[in-house]
Amino acid sequence: MTDKKGVVLTEAQKKSRKRRSLAIALVLAFLCVLFYVVTIVKLGPGAMKRSELPQIETIA
């Protein structure tokens, strides 16, 4: 049987991969926060007031 180690990365490649993964994670987190803030701003302050929402009639 042969010993299959797969791709062996150098230390520089590992460091580069780690930095790239961190950058992608930071961009993803930033986009999540940005979409959340934009959604809250577009809904406005009245979105959290439950009493002002229209009542939905249920069919019994």
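Details of the structure are given in the entry above.
**A closer look at the overall build of the protein**
Turning to step 1, where the next piece is worked out: Within the protein, the secondary structure is distributed over 1 helix and 0 strands.
Turning to step 2, where the next piece is worked out: Counting over 60 residues, the protein shows a buried share of 2%.
Turning to step 3, where the next piece is worked out: If you sum the accessible surface of the protein, you get close to 6500 Å²; carbon and sulfur atoms cover 66% of it.

**A few points about the pattern of salt bridges**
Turning to step 1, where the next piece is worked out: Scanning the model with the defined rule gives 1 salt bridge in all.
Turning to step 2, where the next piece is worked out: For K14, the salt bridge is made with E11, and the minimal N-O distance between the two is 3.8 Å. Within this pair, K14 and its partner E11 are both found in helix α1 (residues 11–43), separated by 3 residues, close to a single helical turn.

**Quick word on a nonpolar patch on the surface**
Turning to step 1, where the next piece is worked out: Among the surface-exposed residues, V27, F30, L31, L34, F35 and V38 lie close enough to one another that they form a single nonpolar patch of about 540 Å² accessible area.
Turning to step 2, where the next piece is worked out: By the element assignment, L34 lies in helix α1.

**Things to note about α1**
Turning to step 1, where the next piece is worked out: Taking 1.5 Å of rise per residue, the 33 residues of α1 would be expected to cover 48 Å, and the 48 Å separating its terminal C-alpha atoms lies within 8% of that figure.
Turning to step 2, where the next piece is worked out: G44, located one to two residues past α1, shows a positive phi value of around 85°.

Quick notes on the rules
- Residues numbered from 1 in each chain as written.
- Predicted model: local features only at pLDDT ≥ 70, side-chain atom pairs only at ≥ 80, totals over all residues.
- Heavy atoms only, no water.
- Helix = DSSP H or I, 4+ residues; strand = E, 2+ residues; numbered from the N terminus.
- Buried < 20%, exposed > 50% of the residue type's maximum accessible area, 1.4 Å probe, protein only.
- Areas by Shrake-Rupley, 256 points an atom, 1.4 Å probe, with all protein chains shown as cover.
- Salt bridge = Lys/Arg side-chain N within 4 Å of Asp/Glu carboxyl O.
- Patch = residues over 30% accessible without salt bridge, like charges linked within 9 Å, V, L, I, M, F, W, Y side chains within 5 Å.
- Expected span 1.5 Å × (residues − 1).

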